[in-house]
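Report on the structure
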Amino acid sequence: MTDRSAPGARRGSAERIREDLRLLEHYQQTGDQATRTLLVERFLPLARQLARRYERQDEPVDDLLQVASMGLVKAIDRFDPSRGIAFSSFAVPTILGELKRYFRDVGWSVHVPRGMQERALEANRAVTELSRTLGRSPTPAELAEFMELTHEEVLEAMEAATAYDSVSLEAPLSNGVGEDSAAGEFLDRLGEDDPGYELAEFSATLAPELRALPERDRLVLHLRFVEDMTQSEIAEQIGVSQMHVSRLIRRALERVRTGIGDA
């Protein structure tokens with residue numbers, strides 16, 4: 001049985017392309033606003049399709065469609081039919097560029113370099129697509145293979161995506177009991193003393209004195225206080241007696257204390 005619908009569909013598509021070109025040429029020559037409106041209506045499905053590529057749970061689709069529509073209007077205004085290229089080939093990068101600028105300039109709560117922003121958005125789309133394919137959330141390794149990036153680049157993109165949204169310091173914290181129950185504000189969880197500050201000060205004070213020690217003394221202190229090894233384990237590793245390790249530790253610590261006192 002012969003399929004009569006395919007030739008008819010091709011003829012309809014060709015006729016639409018010719019009509020689109022006629023309207024574009026007419027608008028370029030006359031600047032007629034009614035023609036411009038008609039072109040926007042004809043190509044609005046393309047803008048809607050591209051806007052949905054960037055759809056996020058916390059990003060209203062209507063906002064994205066509005067941005068994509070602005071890109072479509074710019075494409076119509078700038079398109080030159082005499083160049084002999086299809087309008088869609090010109091419109092798609094123009095609309096996508098408008099969407100990317102929107103996310104770069106408006107959507108991000110924290111400044112992130114443009115390349116990293118685009119990679120984060122690409123990772124978000126890849127997560128959505130792979131989740132549909134796999135029936136689960138993809139692993140970073142699966143994302144890296146899908147996006148043809150390294151594992152580290154994918155992790156950087158995923159971390160950068162967290163800069164898109166910010167949390168108000170006055171945002172209520174739920175205690176999990178009920179919707180009307182709150183456990184204070186987000187600010188209440190901040191402002192505690194960070195023990196890292198004191199450690200940083202100690203490190204800045206000790207670093208010059210530690211560098212002045214003999215190499216073996218530095219090694220013994222590192223094994224004892226960083227690797228948390230016992231004196232017997234250190235003795236076995238460096239090939240001396242435990243008593244000798246004890247003397248090395250005492251001597252090294254005394255040199256450090258003397259150096260700090262002199263400073």
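My aim in this report is to walk through the structure given alongside it, one point at a time. (Residues numbered from 1 in each chain as written. Predicted model: local features only at pLDDT ≥ 70, side-chain atom pairs only at ≥ 80, totals over all residues. Heavy atoms only, no water.)

**Quick word on the pattern of salt bridges**
To be explicit about the condition: Salt bridge, as applied in this entry: a Lys or Arg side-chain nitrogen positioned within 4 Å of an Asp or Glu carboxyl oxygen. Per the convention used, a helix needs a DSSP run of H or I reaching at least four residues, while a strand needs a run of E reaching at least two, with both numbered from the N terminus. Buried residues are those whose accessible area, probed at 1.4 Å on protein chains only, stays under 20% of the maximum for their type, while exposed residues exceed 50% and partly exposed ones sit between those limits.
Enumeration according to the criterion identifies 10 salt bridges in this entry. Across the salt bridge formed by Arg36 and Asp77, the nearest N and O atoms sit 2.7 Å from each other. Highlighted residues: Arg36 in helix H2 (residues 33-53) and Asp77 in helix H3 (residues 61-78), separated in sequence by 41 residues. Using a relative accessible area of 36% as the deciding quantity, one classes Asp77 as partly exposed. Each of the salt bridges in this network shares a partner with another, and the network as a whole consists of Arg16, Asp20 and Arg42.

**Quick notes on the environment of Ile85**
Heads up, the rule is: When checking whether two residues touch, look at their non-hydrogen atoms; a contact exists if any pair is within 4.5 Å.
Among the structural elements, Ile85 can be located in the loop between H3 and helix H4 (87-107). The exposure class assigned to Ile85 is partly exposed, which follows from its relative accessible area of 35%. Apart from residues no more than four positions distant in its own chain, Ile85 is found in contact with Phe79 and Phe90.

**Looking at the packing of H2 against H3**
Note the cut-off: Axes here mean lines fitted to C-alpha atoms, for a helix over just the part in contact, with angles spanning 0 to 180 degrees between N-to-C directions. Geometric relationships in this document are graded by angle, where less than 35 degrees denotes roughly parallel, more than 145 denotes roughly antiparallel, 65 to 115 denotes roughly perpendicular, and other angles denote oblique. Left-handed describes a crossing whose near helix is turned anticlockwise from the far helix by less than a right angle; the clockwise case is right-handed. For this classification, Asp, Glu, Lys and Arg are treated as charged, while Ala, Val, Leu, Ile, Met, Phe, Trp, Tyr, Cys and Pro are nonpolar and the rest, including Gly, are polar.
Contact pair H2 / H3: the axes reach a minimum separation of 8 Å and the direction vectors enclose 130 degrees. Classified by the angle their axes make, H2 and H3 are oblique. The two elements H2 and H3 cross, and the hand of that crossing is right-handed. Packed against H2, whose contacting residues are Arg36, Leu39, Val40, Phe43, Leu44, Ala47, Arg48, Ala51 and Arg52, the element H3 presents Val61, Leu64, Leu65, Ala68, Ser69, Leu72, Val73, Ile76 and Asp77 at the interface. Here the contact of H2 with H3 is built from residues that sort into 13 nonpolar, one polar and four charged.

**Focus: helix H6 (residues 140-147)**
Stated formally: When we speak of the arc, we mean the arc of directions from the helix axis to the C-beta atoms.
Along H6, the positions that sit buried rather than exposed are Leu143, Ala144 and Met147. Each buried residue of H6 sits inside an arc of 100 degrees when the element is viewed along its axis, so together they form one side. At the exit of H6 stands Glu148, carrying a positive phi of roughly 60 degrees.

**Thoughts on the packing of aromatic side chains**
Note the threshold: Two rings from Phe, Tyr or Trp (for Trp, the six-membered ring) form a pair when their centres are within 6.5 Å of each other. A pair whose planes differ by under 30 degrees is stacked, one over 60 is edge-to-face, and the rest are tilted.
A full pass over the atoms with the stated rule returns three aromatic pairs. Plain terms: the ring middles of Phe43 and Phe87 are 4.5 Å apart, the flat faces sit at 55 degrees to each other, and that makes the pair tilted. Highlighted residues: Phe43 in helix H2 and Phe87 in helix H4, separated in sequence by 44 residues. Residue classification places Phe87 among the buried positions, given a relative accessible area of 6%. Aromatic side chains Phe79 and Phe87 sit 5.2 Å apart centroid to centroid with 85 degrees between the ring planes, which places their arrangement in the edge-to-face category. Both residues of the pair, Phe79 and Phe87, count as buried. Put simply, the rings of Phe43, Phe79, Phe87 and Phe90 pair up and form one aromatic cluster.

**Considerations on the packing of helix H9 (residues 215-225) against helix H10 (residues 231-238)**
As a packed pair, H9 and H10 sit with axes 10 Å apart at the nearest point and diverge in direction by 140 degrees. Taken together, the axes of H9 and H10 are oblique relative to one another. In this structure, H9 meets H10 at a crossing whose hand is right-handed. Here Leu219, Val220, Leu223 and Arg224 of H9 come into contact with H10, specifically with Ile234, Gln237 and Ile238. Grouping the constituent residues of the contact of H9 with H10 by class yields five nonpolar, one polar and one charged.

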